[in-house]
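Read off the chains here:
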Amino acid sequence: MSTMRGAGAYGRGAGAYARVGVESGVMSATPHQLIVMLFDGAQGAIRAARIHMQAGNIAEKGKSISKALDIVNNGLLAALDTEKGGEIAERLGSLYDYVSRLLLVANLHNDQESLDQAEKLLDDIASAWREIGGAGVQG
């Protein structure tokens, strides 16, 4: 019995340590790095959703898709500045709206193709975003 309590305490401790690491990373990140972290989080949630979808774990699939939607809508979309970003920001906004619709369809109909398409679009945008950051660091 004490072994079980020890394992639980270890899990809580490891979780707390991970949260501190993530919080420290966020606190020291540049705005560009924060956006990269949002992309990473959304893509990770979509990968988890795919695994849960394939395993037939509907509740966990829904949680993962909800997490991805939250990141896209309240992170990536909310971070757009249409005044400074102009047409590019508007087009990204439309793309994020489309990704959100794909995620909703994937969740509602267990549609892996929609999930794949959402992941591919986010991956394409994230790759471009990372390249912009790399160019900025070197230049």
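Before reading further, recall that the structure is shown in the block above.
Residues numbered from 1 in each chain as written. Predicted model: local features only at pLDDT ≥ 70, side-chain atom pairs only at ≥ 80, totals over all residues. Heavy atoms only, no water.

Engineer: Teacher, can you tell me more about the overall build of the protein chain here?
Structural biologist: Tallying secondary structure elements over the protein chain gives five helices and zero strands in all. Reading the protein chain from its N end, one meets helices and strands in the order α-α-α-α-α. Element-wise, carbon and sulfur atoms account for 59% of the exposed surface of the protein chain, whose accessible area totals about 8,900 Å². (Helix = DSSP H or I, 4+ residues; strand = E, 2+ residues; numbered from the N terminus. Areas by Shrake-Rupley, 256 points an atom, 1.4 Å probe, with all protein chains shown as cover.)

Engineer: Help me understand the pattern of salt bridges in this model?
Structural biologist: Two side chains carrying opposite charge are able to pair once their charged atoms lie near each other. Across all of its chains, the model carries six salt bridges by this definition. Here Arg 50 makes a salt bridge to Glu 119, at a shortest N to O gap of 2.6 Å. With a gap of 69 residues between them, Arg 50 in helix H2 (residues 31–55) and Glu 119 in helix H5 (residues 112–138) connect regions that are remote in the sequence. Glu 119 matches Arg 50 in its accessibility class, with the two residues each being buried. Here the salt bridges share partners, and the residues they tie into one network are Arg 50, Asp 116 and Glu 119. (Salt bridge = Lys/Arg side-chain N within 4 Å of Asp/Glu carboxyl O. Buried < 20%, exposed > 50% of the residue type's maximum accessible area, 1.4 Å probe, protein only.)

Engineer: I'm lost on the side chain of Ser 100 in this one. Help?
Structural biologist: Tracing the backbone through its elements, the reader meets Ser 100 in helix H4 (residues 82–109). Judged by relative accessible area, Ser 100 falls into the buried class, the value being 8%. Once residues within four sequence positions are removed from consideration, Ser 100 is found in contact with Leu 69, Val 72 and Asn 73. (Contact = heavy atoms within 4.5 Å.)

Engineer: Just checking my understanding: could you explain the nonpolar core for this structure?
Structural biologist: Soluble globular proteins: nonpolar side chains tend toward being buried together. Membership of the largest hydrophobic core comes to 25 residues, with the highest contact counts inside it found for Phe 39, Tyr 96, Leu 103, Leu 115 and Leu 122. When residues of this core are assigned to their parent elements, the largest contribution, seven residues, is made by H2. In this structure, Leu 122 is in contact with Phe 39, Ala 42, Gln 43, Ile 46, Val 72, Leu 76, Tyr 96 and Val 99, ignoring residues within four places of it in sequence. (Core = buried A, V, L, I, M, F, W, Y, C linked by side-chain atoms within 4.5 Å.)

Engineer: Is there a simple way to think about H2 in this case?
Structural biologist: Since one α-helical turn is 3.6 residues long, residues separated by three or four positions face the same way. The terminal C-alpha atoms of H2, which comprises 25 residues, lie 36 Å apart, in line with the 36 Å expected from a rise of 1.5 Å per residue. After H2 finishes, the residue Gly 56 shows a positive phi value of roughly 75°. (Expected span 1.5 Å × (residues − 1).)

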